[in-house]
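The chain contents come next:
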Amino acid sequence: MQHVVLPLVVGIAEGLVLALIALGLVLTYGMMRIVNMAHGAFLMLSAYLIAVLLGHAWSESVLGYVLAAVIAIVIPTAIGMGLERTVYRRLYGRAHGSAFLAMFALMMVFQGAAQQIWGVSPLPVKVPSSLMTGYVRFLGVQLPDYYLMIIAIGVVAIAITAAVVYRTKIGLWTRAIAADREMSAVLGANVQLTFGLMFGLGSALAALAGILLAPINQVTISLGTDFILEAFAVVLIGGLGSMTGAVIAALVIGIVQSFLTIDYPPLSGYGIYLVMVIVLVFRPSGLFKTANAGLGAESV
Amino acid sequence: MAGKLLREPVVLSVLAVAFLAWSLRFAGSALLFQLTEMLIAILFAVAVSYVMGVSGTPAFGNQLFYAGAAYLVAIMTTRFNVDNVLELCGASIVLGVVMGGVISLLLKKITGVAFGMVTLAISQMAYVYVGISNYLGSDNGLSGISPGTFFGVSLLDPDRMLIFVWAVVVLGVIVIALITRSRLGLLTRASRDSASRASAIGIPTFRYHATAFIIGAAICGLAGSLTAITVGTVDQDMFYWTAGAAPILAGLLGGIRTIKGPIAGSIILSIIIIWVSTLTTSWLLLEGAITLGVFLIWPQGLLGEGSGSGLAAARSLTRRIARSRRQPKVTSS
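Each helix and strand counted, chain A has 12 helices and 2 strands in total. Secondary structure of chain A in N-to-C order comes out as α-α-α-α-α-β-β-α-α-α-α-α-α-α. In summary, chain A has a C-alpha radius of gyration of 19 Å against a globular reference of 19 Å for 300 residues, a match within 12%. Considered along the principal axes of its C-alpha atoms, chain A spans approximately 55 × 45 × 35 Å. A buried classification covers 52% of the 300 residues belonging to chain A. Long-range contacts, defined as pairs at least 24 residues apart, comprise 79% of the intrachain contacts of chain A with a sequence gap of at least 6.

Counting its secondary structure elements, chain B contains 13 helices and 2 strands. Its C-alpha radius of gyration of 21 Å places chain B within 12% of the 20 Å reference for a compact globule of 333 residues. In terms of overall dimensions, chain B has a C-alpha envelope of 85 × 55 × 40 Å along the principal axes. The buried share of chain B, taken over its 333 residues, is 51%.

A few words now on the environment of Ala206(A). Residue and element names in this part refer to chain A. Within the secondary structure, Ala 206 is located in helix H9 (residues 191–213). Exposure remark for Ala 206: the 33 C-beta atoms within 10 Å place this residue in the buried category. Along the chain, Ala 206 and Ala 19 lie 187 residues apart, while their C-alpha atoms are 9.5 Å from each other. Excluding its chain neighbours within four sequence positions, the residues that come into contact with Ala 206 are Ile 21, Gly 24, His 39, Phe 42 and Leu 43.

The next point concerns the nonpolar core. Ranked by size, the top nonpolar core spans 209 residues in total, and within it Ala22(A), Ile50(A) and Leu43(B) carry the most contacts. Here the element with the most residues in this core is helix H1 (residues 2–32) of chain A; it accounts for 18 residues.

Residue and element names in this part refer to chain A. Residues with a pLDDT of 70 or more make up 93% of chain A, whose mean pLDDT is 82. Looking at the elements of chain A, mean pLDDT is at its lowest for helix H5 (residues 129–132), recorded as 71, and at its highest for helix H6 (residues 145–167), recorded as 91. Throughout residues 291–300 the model reports pLDDT below 50, and contacts reaching past four residues in sequence, or to other chains, amount to 38 contacts.

To continue, consider the interface of chain A and chain B. Contacts between chain A and chain B engage 41 residues on the former and 42 residues on the latter. Among the elements of the structure, helix H4 (96–118), helix H10 (223–238) and helix H12 (271–282) of chain A are those that each provide at least two residues to the side of chain A that touches chain B. Considering each element in turn, the side of chain A that touches chain B owes the most residues, 16 residues, to H4(A). Taken together, the residues that form the side of chain A that touches chain B break down as 27 nonpolar, 11 polar and 3 charged.

All names here are of chain A. For helix H2 (residues 39–53), which comprises 15 residues, the first-to-last C-alpha distance of 22 Å matches the rise-based estimate of 21 Å (1.5 Å per residue) to within 8%. Of all 15 residues making up H2, 14 are buried, and the element is well covered by its neighbours. Residue Gly 55 follows H2 closely and has a positive phi angle near 90°.

Basis of the calculations
Residues numbered from 1 in each chain as written. Chains lettered and ligands numbered in written order. Predicted model: local features only at pLDDT ≥ 70, side-chain atom pairs only at ≥ 80, totals over all residues. Helix = DSSP H or I, 4+ residues; strand = E, 2+ residues; numbered from the N terminus. Rg over C-alpha atoms; globule rule 2.2 N^0.38 Å. Buried ≥ 20, exposed ≤ 12 C-beta atoms within 10 Å, placed from the backbone. Contact = placed C-beta atoms within 7 Å. Core = buried A, V, L, I, M, F, W, Y, C linked by C-beta atoms within 7 Å. pLDDT = per-residue confidence, 0-100. Nonpolar A, V, L, I, M, F, W, Y, C, P; charged D, E, K, R; others polar. Expected span 1.5 Å × (residues − 1).

Next up, the structure:
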């Protein structure tokens, strides 16, 4: 039992975190048709912020941790929204390939800045011990508290995102803009506002992922780039415009990775890329087709 | 007409020869090493820009061919005692052609950014594989690569290495320039500009995209072989996707659809690295900021084609200055 339940729980937890990152990418792509390479920057930033904020006297309690987490989400989100108004706005009309590369340059700027501020060594993350060291017994297996917390938070975050996209007016506008931007603007959708808010939502999700990942990964400048590639693979496997696809693909990959790491370590580094190559060769637009997304040949 | 066509190659040739002369005369061995690396970066950037700019295929995984060739050279020199640089370079080109050929078959099914991501993923898989393979040095990499010999002459001396690398890079750039200006290049560009229109008039677009990709892969492999003999070591990080960023950034910075663009871009980025690394460690920040800044102002790069480049801006500026000098000032009443 131990062999199955523990990796499953860990896999679901990591899959959900991956889903959070991927959802941000899907939101940006669906609306703006820009594959946001710099998305990982928000993740990296929030991880650094939480590392820096924790370990002080005021952040030792659970409440303090929550407060630190909120700060570590708000700041990258604000920066994201600021960037959207300044940098990303300039990229909307451009050929996809070159926007992608500009985002890469932006990512380098973030990494360089982080390196200058915090140096090259990984930062330690001191999460309050009550959260990190507890266990829950379930079906005779000891499940770490922290991973269960990740699952809970992940599910809530995804549910909130789904509620926003499918039940609010701005979510309606988002879906309309993703389907046909000009027509939606003609019909009264406030494109600027929608872009800004949705970009903020995506950045917030990435920041949340960064906070959840910080204690279980090394907080270095490559944190953003490490996960962004996996998130992209998830988005491509799930289907570029599809949120459901992204979440499902992320969960599947998280679980598969988890079992591979335990049962067949040599394959664990490849798993996700192999799946991506196989899926894309047989179904280039991903597992879940959306009406308007899908990538064709583009010029740079 | 011929004058205009020849202007660019003549300028580049003169600059190349001047560069070589200056380096051999004035550069100490440390600087020679960095200049050699800069030359290799130029070749790598020109190859990647050919695939991305002229052919229009986002190529985020070309470090696969670069690193793969470097590792091939490492194995050939350390385990099989192959010393002849012509064999080493030749083998690298063949590797590039073979690997590029296989991967280019995917172009039939996936195009655009998705293809780019797949090539990236393949490079990542290579990264993981190399990391766990003891034969390939796992995470320590392989070292002790001999600088090789050229017709019996050892390239250990930095001067000789620079001359050899210079010659290979110049040759490589000339080859790509000739291809770009040839019928092959023309049809490739047509396929890039509008796949539907091109195929409507009978151009087999897949064939041209695939050929461009293979050519790019071969030249990237060549660059990789040069890096192996210059630096003397290889490690798995060369396969990591951020290693493929430098040529792409250089191309973006300079103008990804031209030859002079990636050359200029590589030179600028190399100078930043050389200059900045003596001052601070912030070259990452600087490179990213400069590239992004240039891209936002001039999307076609500094020396790119079309109206969105720094060159075009400079031209229109000089035209405006010339015009305002000719016309007398008119005041309206």
